[in-house]
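Residue-level structure breakdown
The lines below spell out each chain.
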Amino acid sequence: MGVKKISLSLICYLSVILASAQMVSSEKADTTAAFKPVDVIEIPSKSADATRDINQIKRSLLKPEQLEKIKTGNSSTLNLIDSLIVQEKNIELTLFNKRHLINKRSVWNQRLQQLETIQERISLHLKQNEDLAMKAEAIGDTWSKIGRSISAEETDSVVKANIIEVVTKNDTLLNQLHQQRSILLEIQDKTISKSEQITSILERIENKLDQERHNIFARTKVDFSNLLNKNQYISAQKVLQKSLMIESRLLEDYMKDKHSEALLFIVILVSGMILFRQTRKAIIRKGILDIDSYYAQQFKLLLTAHYSTAFVLFIWLSALLFPNQPLLFKDGIRIIICIPLTILLYRLINKKLFSVIVILFFLIFVQSIINLFPPNHMAYRLYLLIAILLELFVMIRIKMVVKTNTFNSKLLSTLVNKFLILAIGIIVMVIILGLFGYIVLTELVVNVVLANAFSISLLFVSMLIVNGLLELLFSMERVKHLKVVQHYGEGVKNRLIQFVSIATPALVLYIILASVGFDEPVINAIKSSITYQFKFGEISFSIEDIIFLVLTLSLSIFLSNVVKVILEEDVLSRTKLGKGLPHTISLMAKYAIITIGVTFAFSVAGFRMENFAILIGAFGVGIGFGLQNIFNNLVSGFILLFERPIKIDDVIEVGQLRGRVRSIGIRSSVVRTFDGAEVIVPNGQLISNEVINWTHSDQIRRYEVFVGVAYGSDVEKVRGILEEQIKKHKDILDFPEPDVLFINMGDSSLDFRMLYWVSKVRQGINIQSDITQMVYDALNKEGISIPFPQRDIHIIKDKG
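Conventions adopted
Residues numbered from 1 in each chain as written. Predicted model: local features only at pLDDT ≥ 70, side-chain atom pairs only at ≥ 80, totals over all residues. Heavy atoms only, no water. Helix = DSSP H or I, 4+ residues; strand = E, 2+ residues; numbered from the N terminus. Buried < 20%, exposed > 50% of the residue type's maximum accessible area, 1.4 Å probe, protein only. Areas by Shrake-Rupley, 256 points an atom, 1.4 Å probe, with all protein chains shown as cover. Axes fitted to C-alpha atoms, helices over the stretch in contact; angles between N-to-C directions. Parallel < 35°, antiparallel > 145°, perpendicular 65-115°, else oblique. Left-handed = near helix turned anticlockwise from the far one by under 90°. Contact = heavy atoms within 4.5 Å. Nonpolar A, V, L, I, M, F, W, Y, C, P; charged D, E, K, R; others polar. Phe/Tyr/Trp six-rings, centres within 6.5 Å; stacked < 30°, edge-to-face > 60°. Lys NZ or Arg CZ within 6 Å of the ring centre and 35° of its normal. Patch = residues over 30% accessible without salt bridge, like charges linked within 9 Å, V, L, I, M, F, W, Y side chains within 5 Å. Salt bridge = Lys/Arg side-chain N within 4 Å of Asp/Glu carboxyl O. Lys, Arg positive; Asp, Glu negative; His and termini not counted. Charge placed at Lys NZ, Arg CZ, Asp CG, Glu CD. pLDDT = per-residue confidence, 0-100.

Across its full length, the protein chain carries 27 helices and 10 strands. Residue burial in the protein chain is summarised as follows: out of 800 residues, 37% are buried. When the accessible surface of the protein chain is summed, it comes to about 47700 Å², and 62% of that surface belongs to carbon and sulfur atoms.

What describes two packed helices is the angle between their axes and the distance between those same axes. Contact geometry for helix H4 (residues 64-89) and helix H5 (residues 98-149): axes closest at 12 Å, N-to-C directions at 150°. In terms of orientation, H4 lies roughly antiparallel with respect to H5. Of the two elements, H4 crosses H5, and the hand of that crossing is left-handed. Note on element contacts: H5 touches H4 through Lys104, Trp108, Arg111, Gln114, Leu115, Ile118, Ile122 and His125, opposite Ile70, Asn74, Thr77, Leu78, Leu80, Ile81, Leu84, Ile85 and Glu88. Taken together, the residues that form the contact of H4 with H5 break down as 10 nonpolar, four polar and three charged.

Taken as a whole and judged by the stated rule, the model has 10 aromatic pairs. Aromatic side chains Tyr294 and Tyr295 sit 5.2 Å apart centroid to centroid with 70° between the ring planes, which places their arrangement in the edge-to-face category. Residue Tyr294 is classed as partly exposed on the basis of its relative accessible area of 48%. Tyr295 gets classed as buried once you look at its relative accessible area, which sits at 17%. One aromatic cluster in this structure is built from Tyr254, Phe265, Phe322 and Phe329. Above the plane of the ring of Tyr254 lies Lys258, whose end atom (NZ or CZ) is 4.6 Å from the centre.

A cluster of like positive charges, contributed by Lys281, Arg285, Lys286 and Arg478, occupies part of the molecular surface. Tallying contributions element by element places helix H9 (residues 259-286) first for the positive patch, with three residues. Here Arg285 is to be found in helix H9. Residue classification places Arg285 among the exposed positions, given a relative accessible area of 60%.

In this model, the protein chain carries an average pLDDT of 81, and 87% of its residues clear a pLDDT of 70 or more. Per-residue pLDDT stays below 50 along residues 1-34; that stretch engages in 21 contacts with residues further than four places along the chain or on separate chains.

Turning to the environment of Leu549, a few remarks are in order. Its place among the elements puts Leu549 in helix H21 (residues 543-571). A residue is classified by how much of its surface remains accessible, and Leu549, at 12% relative accessible area, is buried. Along the sequence, Leu549 and Phe600 sit 51 residues apart, while their C-alpha atoms lie 8.9 Å from each other.

Looking now at the environment of Ala48. By secondary structure assignment, the location of Ala48 is in helix H3 (residues 43-60). Judged by its relative accessible area of 43%, Ala48 is partly exposed. A sequence separation of 114 residues divides Ala48 from Asn162, and the C-alpha atoms of the two residues are 8.4 Å apart.

The N-to-C vectors of helix H11 (residues 306-314) and helix H13 (residues 327-348) enclose an angle of 130°; their axes lie 9 Å apart at closest approach. In this view, H11 runs oblique relative to H13, as classed from their interaxial angle. Handedness of the crossing formed by H11 with H13: left-handed. Here Ser308, Thr309, Phe311 and Val312 of H11 come into contact with H13, specifically with Ile336, Ile337, Pro340, Leu341, Ile343 and Leu344.

Structure (structure tokens):
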């Protein structure tokens, strides 16, 4: 019954369409003007195509089980977040200390990241749904026009059935798309709503943290009698247990969905340890890194504790694999890494300074536990007092070591001494203020010193490891054999080491600024200065654009040179390409990279190409007048590269110039003469002038030696001797066959001409010299004289 009702309704719908098509002639005219009418005979085949398209769209739809999984999975996450949001609204943030607020911020950032992931997935599904709906609507619109374009008289039962079938399937498809879209939009709306609520919570937490940061000079009453109050310390255990339980729950909730990341981190860490152990064995066995380099020597020292070295290097992955870390997670990582850092620093630094490192790392360990106490607890305040006194001792100790061990640079030594004096003065002042109740200020100074000491130590050791790895990489035999390394290896290595060495102190400076809360103002000031737009007429640019332009152009030129060498000498040279073709391919790749780099640099830097229209026009006029020779050479360069009448290593003659082609450029080529001079030849001369190419198709060339013997010599014997000498030489080809010709009876000698072919053009002169020497020795051995020019002089005596 249901199917019959649907069919009747569709027949009525079709009848209405046909009737309206007959009644509204103007509408029909408009429709037929935009739509090509379909012959009734074609409708069955057209309907089959439309049905196939509809079925293909249906197969692209989300399956019911997929849609249900999306709905239930995201709904459970949204309901959990919703319950947490309801709980958070009833919590007063004034009850939490700074550490708890930071933990809260990490938790809500994690939840916000979950919502962003859900929103990205839903957006992809909605985009796919929209694309499919547009295709389905296009099919429906087409068949609606087909129905209006056919008169009622032409519509028989088969045509009507085909149209009804297409319309039915398309309407069903549109309903499915609409239902899926409604479900996805509902999830998206909830996700956006929860994201806004979490953003509001994060703003509240951030405002509270800002208040904490701005209250560094807040003063609290200090009751020194509480230092001897046993109840303060008896309660410490309960406070510690409670805080540890709360943060453990946060850590457990954080790691709940991080099992795969934790397993990946462990695998990478273990693999790194094994790799560094094998590296140490290879260095000892093969004698790699036996170079007089600071970073190479320090890296060899670090590899004596290869497990610690690997741990320090790969611990940086924890920041990438585990974003928005809770403070308990951070404290655990910091405590763990202090152990390998201590082992490595013992091998690197002065033993007097090492005791200072031990004190600071011990304070970091104690701080990780004490941080679980609220700031107003006496145990926490006692720790701050002891910690800042130890930090004063550390600064004085460092000052004494620096005084006895001056730096190579007098300016650097002076700056370090001034900085240490300033630091000692600040700590002494903070100790005095702390006794008067400025606890927040004391806490800030203690945390800044410890955080910076840890960060500087970690960055210093990491810099030595990275630079040592660069030294190791470029000293490996496999790498040194690469042509690109032979050309650019030393320069690339020095630049990379220089970049790491400069980036490390810059990062240290940023960490110091961040620890005192000055990072954002400084970065914003730098951004505003380099992004300021300078305007000259219609052209506007900033320092940032110029920096980006210069860096991009420099990188593209350097990359193009590296790619050219890799292609020409390391990759294409091992293929069976024709002579000179690797050079052509690599050179075109080089200029393609430069062109892409220049275009990308100017477009991203904000320089519109329309602004260079006048310059390009002036350049065109210049080509017509003063630059025709340059333009001719440029075009000739492309002709040489593509037509390849001359190739690299060809032996050519151009006028009086004779030599071997060393390189072919866009404007000019370099020919090295056999005397060792390198001649720069404009490409225009190589195209427009007559060029003799001795090695264009092959390396085979004919040479000749002229020999003269005295009159009276046996001609056949001489010919045999000469032929024998040619056959003796291993570098003379048997084919084409060599020949000896008796060419002339000269004034003083019988002249012979020896003709032979060689396959080594560059050794042709040496072979000619060998043949001449062999012929001379053979003729002398046979007693055949080689005459010199003789003249008979007749003296006529004057009769007078």
